[in-house]
Amino acid sequence: MSSQPKIFRAVLLLLFLSLVGSTSSSKAQTAKPPGIAIARRAAEVREGASLFRANCSPCHGLGAYGGGRGPDLTSGRWTHGSSDEAIFATITHGVPGTEMPANAFEDSEVRAIIAYLRSLAPSKDEAITGNAKNGDRLFHGSAACGTCHMVSGSGGLLGPDLSRVGAARSVTYLVDSIRDPNKDLSLGMTDPNDHYGLPLLYDTVTVTTNSGEKILGVARNEDTFSVQLMATDQRLHFFLKSEVKSVVHERASLMPPYPETFLSASDLNDIVAYLVTLRGQRVEAPGAK
Ligand code: HEC
Ligand code: HEC
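Notes on the structure follow.

The rules behind each value
- Residues numbered from 1 in each chain as written.
- Chains lettered and ligands numbered in written order.
- Predicted model: local features only at pLDDT ≥ 70, side-chain atom pairs only at ≥ 80, totals over all residues.
- Helix = DSSP H or I, 4+ residues; strand = E, 2+ residues; numbered from the N terminus.
- Buried ≥ 20, exposed ≤ 12 C-beta atoms within 10 Å, placed from the backbone.
- Axes fitted to C-alpha atoms, helices over the stretch in contact; angles between N-to-C directions.
- Parallel < 35°, antiparallel > 145°, perpendicular 65-115°, else oblique.
- Left-handed = near helix turned anticlockwise from the far one by under 90°.
- Contact = placed C-beta atoms within 7 Å.
- Nonpolar A, V, L, I, M, F, W, Y, C, P; charged D, E, K, R; others polar.
- Expected span 1.5 Å × (residues − 1).
- Arc of directions from axis to C-beta.
- Near = placed C-beta within 6 Å.
- Domains from an automatic or database assignment.
- Pairing = 2+ DSSP bridges.
- Core = buried A, V, L, I, M, F, W, Y, C linked by C-beta atoms within 7 Å.

**Comments concerning the overall build of the protein chain**
Along the backbone of the protein chain there are nine helices and nine strands. Out of the 289 residues belonging to the protein chain, those deemed buried represent 27%.

**Looking at the packing of helix 4 (residues 84–93) against helix 5 (residues 107–119)**
Close contact between helix 4 and helix 5 brings their axes to 10 Å; oriented N to C, the two are set at 120 degrees. It follows from the interaxial angle that helix 4 and helix 5 lie oblique. In the crossing of helix 4 with helix 5, the sense of the turn from one axis to the other is right-handed. Only V110, I113 and I114 of helix 5 make contact with helix 4, whose side of the interface consists of D84, I87, F88, I91 and T92. The residue inventory of the contact of helix 4 with helix 5, partitioned by class, reads six nonpolar, one polar and one charged.

**Looking at helix 2 (residues 34–55)**
With 22 residues, helix 2 ought to run about 32 Å at 1.5 Å a step, and its terminal C-alpha atoms sit 31 Å apart, in line with that. The complete set of buried residues in helix 2 reads G48, A49 and F52. The buried residues of helix 2 occupy one face: seen down the axis, they fall within an arc of 105 degrees. Facing away from the buried surface of helix 2 by more than 90 degrees, the exposed residues are G35, I36, A39, R40, A43 and A54.

**Examining the site of ligand 1**
The environment of ligand 1 is made up of 26 residues, and the closest members are C56, C59, G70, H80 and M100. For the shell around ligand 1, the elements supplying multiple residues, two or more each, are helix 3 (57–60), helix 4 and helix 7 (165–168). Grouping the constituent residues of the shell around ligand 1 by class yields 15 nonpolar, eight polar and three charged. Of the domains in this structure, domain 1 (34–125) and domain 2 (132–184 + 256–277) are the two that each give at least three residues to the shell around ligand 1.

**As for the pairing of strand 8 (residues 236–240)**
Across five bridges, the pairing between strand 7 (residues 226–231) and strand 8 is antiparallel. Within strand 8, the residue paired with Q228 across the bridge is F238.

**Digging into the sheet that holds strand 6 (residues 214–222)**
Strand order in the open sheet formed by five strands is 8-7-6-5-9, with antiparallel pairing between adjacent strands. Every other strand in the sheet has two partners, leaving strand 8 and strand 9 (244–250) as the edge strands with one partner each. Each neighbouring strand pair of the sheet contributes to a mean axis angle of 40 degrees, computed without reference to strand direction.

**Quick look at the nonpolar core**
Ranked by size, the top nonpolar core spans 20 residues in total, and within it I271, V272, Y274 and L275 carry the most contacts. Counting residues per element, this core draws most heavily on helix 9 (residues 265–277), at seven residues. Excluding residues that lie within four positions of it along the chain, V272 makes contacts with G130, G135, V171, L174 and V175. Within the second largest apolar cluster, 15 residues are counted, among which are A49, F88, A89 and Y116.

**Some thoughts on the site of ligand 2**
Ligand 2 sits among 25 residues. The nearest are C145, C148, G159, S186 and S253. Top contributing element to the shell around ligand 2 by residue count: helix 8 (residues 171–179), with three residues. Of the residues that constitute the shell around ligand 2, the class distribution is 18 nonpolar, six polar and one charged.

**Concerning the packing of helix 2 against helix 5**
Close contact between helix 2 and helix 5 brings their axes to 7 Å; oriented N to C, the two are set at 95 degrees. By the angle between their directions, the pair helix 2 and helix 5 is classed as roughly perpendicular. Counted together, R41, E44, V45, E47, G48, A49, L51 and F52 of helix 2 and E109, A112, I113, A115, Y116 and S119 of helix 5 form the full contact between these two elements. The residue makeup of the contact of helix 2 with helix 5, split by class, is eight nonpolar, two polar and four charged.

**Things to note about the environment of M255**
Note that M255 resides in the loop between strand 9 and helix 9. Spatially, the C-alpha atom of M255 lies 9.9 Å from that of L185, the residues being 70 residues apart in sequence.

**Re the pairing of strand 7**
Each regular strand displays side chains that alternate between the two surfaces of the sheet. Looking at chain direction, strand 6 and strand 7 are connected through five bridges and run antiparallel. By the bridge assignment for strand 7, E222 is matched with V227. If you look at the hairpin formed by strand 6 and strand 7, you'll find three residues sitting between the two strands. Between strand 7 and strand 8, which pair antiparallel and follow one another directly, the connecting turn spans four residues, one of which, Q234, has a positive phi of 65 degrees.

**Description of helix 6 (residues 132–140)**
Listing the buried residues of helix 6 in full gives A132, G135, L138 and F139. For helix 6, the buried positions fall inside an angular range of 115 degrees around the axis, keeping them on one side. If you follow the buried residues of helix 6, they end up packed against helix 9.

Below, the structure written as structure tokens:
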């Protein structure tokens, strides 16, 4: 009574198996079942995301869209190469002479981070709409940026050197730096007197001498006893703290804000387009091709 459906089921099963067999045997040599590959990929991306959050987001921002100390990694503009091998080399060896550190990850961890970066949608804010040539003119001309900033060996000394600012910063950060300099103060070179090796902050320092003279600038060097100031006259001044009335730090930028009334949206776009082209001397990550 029940043998009829049993045979029927067995035939169905055979048919099914032969179908699966034929489809999988044609692909078996080249690929794993797609479901497993997708699951594995998702796990790799998740691992990469958590490694990124812990190790990279303090500089590159949550989601890799750029922070105060590192570039947007979703912009599609790569200074050190866009291939997996090039990114692998950059992550492993860092970029010597910049804030990008070397890392001692397992190879599989670096691959997971790359898988994570590849999974991200590009940020819309990174689109460049301005005219870099005109930005160059404004920077060194009417906007007077060059009076305080060095680019490729010429310019002022009060602000940070901008020769590789296009490699090191996101577009959003560049716009904020110009419109609202107090929002996120730049970090300068590593303070040689600070044994933690923390970078000096570009805040505003006022030294008042015993005769009442006030000298305004940014600290280039400071310890308990002395301070070396790059003053608004673009010269270095050295003071012993015991010989002045006061040394006051203010959490403010010496850079004037450039509101829309001073620098139009289109001029700002042009200056940002110019800044993005500033990638310094090409620093090849060791091993990168
Ligand atoms: C202390 C800050 C800092 C940390 C931490 C950091 N980076 Fe960077 N990273 C930078 C800076 C600055 C640059 C730009 C270097 C330059 O001027 O060329 C950079 C560049 C890069 C580049 C090259 C981008 C390009 O345009 O070619 C990659 C890729 C990168 N970082 C990935 C990572 C990953 C992944 C981590 C975490 C494992 C990480 N970084 C941690 C600051 C940092
Ligand atoms: C009076 C001097 C002065 C002028 C003029 C000036 N800056 Fe600055 N700039 C500074 C100082 C000081 C800092 C560091 C403090 C800070 O983060 O605002 C700075 C910071 C910056 C930064 C951030 C750099 C980084 O890596 O964090 C950018 C970008 C910048 N300036 C661009 C410009 C542009 C573009 C102009 C012209 C439109 C300009 N600056 C005009 C003094 C100046």
